[in-house]
Amino acid sequence: MEDKIAQLRQMIADSDNIVFFGGAGVSTESGIPDFRSVDGLYNQKWKYPPETILSHSFFERDPEEYYRFHREKLVVDGVKPNRAHLRLAQLEQEGKLKAVITQNIDGLHQAAGSKNVLELHGSILRAYCSRCRRPYPAEEMNKGQGVPRCACGGVIRPDIVLYEEPLDNDIVRSAIAYIRNADILIIGGTSLNVYPAAGLINYYRGKKLVLINLSETPYDSYADLIIHEKIGEVFSRV
Ligand code: OAD
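Before going into details, it helps to say that this report is about the structure given with it. No experiment lies behind these values; they were computed from the predicted model shown. (Residues numbered from 1 in each chain as written. Predicted model: local features only at pLDDT ≥ 70, side-chain atom pairs only at ≥ 80, totals over all residues. Heavy atoms only, no water.)

Some remarks on the side chain of Q103
- Structurally, Q103 can be placed in the loop between β2 (97–102) and α6 (108–112).
- In terms of polar contacts, Q103 uses its side chain to reach the side chain of T190, at 3.0 Å.
- Non-local contacts of Q103, meaning those with residues more than four positions away in its chain, are made with F21, G22, G23, L120, H121, T190, V194 and A197. (Helix = DSSP H or I, 4+ residues; strand = E, 2+ residues; numbered from the N terminus. Polar contact = N/O pair within 3.5 Å; in protein donor to acceptor, adjacent residues only side chain to side chain. Contact = heavy atoms within 4.5 Å.)

What to know about the layout of surface pockets
- When its volume is computed, the second largest pocket comes out at roughly 250 Å³.
- What lines the second largest pocket is a set of 14 residues, and nearest its centre among them are Y128, D159, I160, V161 and D168.
- Residue composition of the lining of the second largest pocket, grouped by class: 6 nonpolar, 1 polar and 7 charged. (1 Å grid on protein atoms, 1.4 Å probe; cavity = no way out; pocket = protein on both sides within 12 Å on 5 of 7 lines; lining within 4 Å. Points joined across faces, edges and corners; volume = space filled by probe spheres on them. Nonpolar A, V, L, I, M, F, W, Y, C, P; charged D, E, K, R; others polar.)

What to know about the packing of aromatic side chains
- Counting across every chain of the model gives 6 aromatic pairs.
- An angle of 75° between the planes, with centres 6.0 Å apart, marks the rings of F20 and F235 as edge-to-face. Residue F20 is found in strand β1 (residues 18–22), and its partner F235 is found in helix α9 (residues 231–235); the two are separated by 215 residues along the sequence.
- Assessed through its relative accessible area of 0%, F20 is described here as buried.
- Ring centres of F59 and Y67 lie 6.0 Å apart, and the angle between their planes is 65°; on these two criteria the pair is classed as edge-to-face. One exposure class covers both F59 and Y67, and it is buried.
- The aromatic ring of F59 is capped on one face by R157, whose charged end is 5.9 Å from the ring centroid. (Phe/Tyr/Trp six-rings, centres within 6.5 Å; stacked < 30°, edge-to-face > 60°. Buried < 20%, exposed > 50% of the residue type's maximum accessible area, 1.4 Å probe, protein only. Lys NZ or Arg CZ within 6 Å of the ring centre and 35° of its normal.)

A few points about the site of the ligand
- Around the ligand, the structure places 24 residues, and the nearest of them are R36, Y42, Y163, T190 and S191.
- The side chain of R36 places a nitrogen or oxygen atom 2.7 Å from an oxygen atom of the ligand.
- G189 is positioned with one of its backbone polar atoms (N or O) 3.4 Å from an oxygen atom of the ligand.
- In isolation the ligand exposes 790 Å². Once the protein is present, 95% of that is buried. (Near = heavy atom within 4 Å. Areas by Shrake-Rupley, 256 points an atom, 1.4 Å probe, with all protein chains shown as cover.)

These figures capture arrangement, not role.
In structure tokens form, the structure reads like this:
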């Protein structure tokens, strides 16, 4: 472990073109559960599987149940950025990190001070009407009761990408460009199981692919440096 941390520290010191690609594991040390760990959202008892509840057709069919899940499981009170978010923001400020590409919807990278954050799956800190697309503050959606409605009668929805919905093209294009041109690509806190997001890392062409994840991923054999440790812990030491 010491060797690997020292190696990563040196790689970071030598580069000014780092890109970070992350997922739910980046926020677990802030107290937000991930999806696929044993205590993650997908292993908790719920009336329907979370993939079903978090789908476009389910949202349309049963917004009531969707919002029960959303408020109980996606919204976590009082969360703060952890050492991984904070160090990534600092690396950007130092001119070393070019972009954070995240699958997370919690806004914690921005809360830590990161400016260039590409949110592949959107954010629960934004809301809009699913009928007229008028934007709304997220408070009522995240903290209120029942199904929030727009003045036009439409259902207000979170600005997140639900299953069955496409990713935003501009964000994907931008993410590909950053990954393709990166000197170092650090991937962390993601099981790399969800496409198309996970597939974006195939655009990396360099020879410094760093993977920081507690459990194994399908991409472990492609990594030039692999660290199976807590990501906040790792970033506090590089
Ligand atoms: P997953 O829950 O699939 O994977 C999280 C990974 O992070 C797991 O492999 C854990 O081992 C690892 N992990 C957890 N805590 C960690 C820590 N402190 N340090 C390092 N690693 C840690 O989450 P994602 O890969 O982000 O999509 O899931 C991708 C997408 O699936 C999500 O964006 C969400 C979900 O369905 C949508 O909602 C559209």
